[in-house]
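In case you want the letters, here they are:
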Amino acid sequence: CSMTSEVKNPQRNIPIIVVSSVAIVTFLYLLTITSFHIVVPLEVMVQKTAVASEFGLRTMGEAGKVVLAVGVVISTLGCAQCAFLTEARCIHAGAAEGLIPSCYGLVSKRFKTPIVSILYFATIETIFLLIGGIDFLISSSSFIQFPFSVA
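Residues numbered from 1 in each chain as written. Predicted model: local features only at pLDDT ≥ 70, side-chain atom pairs only at ≥ 80, totals over all residues. Heavy atoms only, no water.

This part covers the overall build of the protein chain. Check the secondary structure of the protein chain and you find five helices and zero strands. In sequence order, the protein chain lays out its α and β elements as α-α-α-α-α. Counting every position in the protein chain, which comprises 151 residues, the buried fraction comes to 23%. Relative to all contacts within the protein chain whose residues are 6 or more apart in sequence, the contacts with residues 24 or more apart total 33%. For the protein chain, the exposed area adds up to about 10600 Å²; of that, 70% sits on carbon and sulfur atoms. (Helix = DSSP H or I, 4+ residues; strand = E, 2+ residues; numbered from the N terminus. Buried < 20%, exposed > 50% of the residue type's maximum accessible area, 1.4 Å probe, protein only. Contact = heavy atoms within 4.5 Å. Areas by Shrake-Rupley, 256 points an atom, 1.4 Å probe, with all protein chains shown as cover.)

Have a look at this one:
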């Protein structure tokens, strides 16, 4: 139900992609956390919610604080985009297999994307964002995905 159908030679490439990406992300995560612990005292980490910004402030000044804050926002948006794209394809796969209504399986002729499932997620997430803000959207994201995960 993910984007594997769009990968060339998936039986060879998917394991390589998974192992290398997990190794790279793990290394970068450990490097980041170690750097935070070296520069920012634990007492400050407990009090601050934006540890990356505090790290940037202590290592590069005010500009570093802003750069790392923007980096965190970009990273978060990238993660949300990946989740959005893969969940839309899961719905598309469910519709293709007859598990959910076939209208969710419609694909855009121009872009070759599952347009109805993307519009479903965009509509529901926008409503949740307008009703309760970003905190409500984050806490309810499982609810948005649940009806299609059960199918």
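A word on the environment of F136. Mapped onto the elements, F136 comes out in helix α4 (residues 115-139). You can call F136 partly exposed: its relative accessible area is 34%. In contact with F136, other than residues within four places in its own chain, are F128 and I131.

In this section: the side chain of N13. Here N13 shows up in helix α1 (residues 10-39). Beyond its immediate chain neighbours, meaning those up to four positions away, N13 contacts V7 and K8.

Once that is clear, we can look at the packing of α1 against helix α3 (residues 51-96). At a closest axis distance of 10 Å, the pairing of α1 and α3 adopts a crossing angle of 60°. Here α1 is positioned oblique relative to α3, judged by the angle of their axes. In the crossing of α1 with α3, the sense of the turn from one axis to the other is left-handed. Touching S35, F36 and V39 of α1 are V51, A52, F55, R58 and T59, all from α3. In terms of residue class, the contact of α1 with α3 is made up of five nonpolar, two polar and one charged. (Axes fitted to C-alpha atoms, helices over the stretch in contact; angles between N-to-C directions. Parallel < 35°, antiparallel > 145°, perpendicular 65-115°, else oblique. Left-handed = near helix turned anticlockwise from the far one by under 90°. Nonpolar A, V, L, I, M, F, W, Y, C, P; charged D, E, K, R; others polar.)

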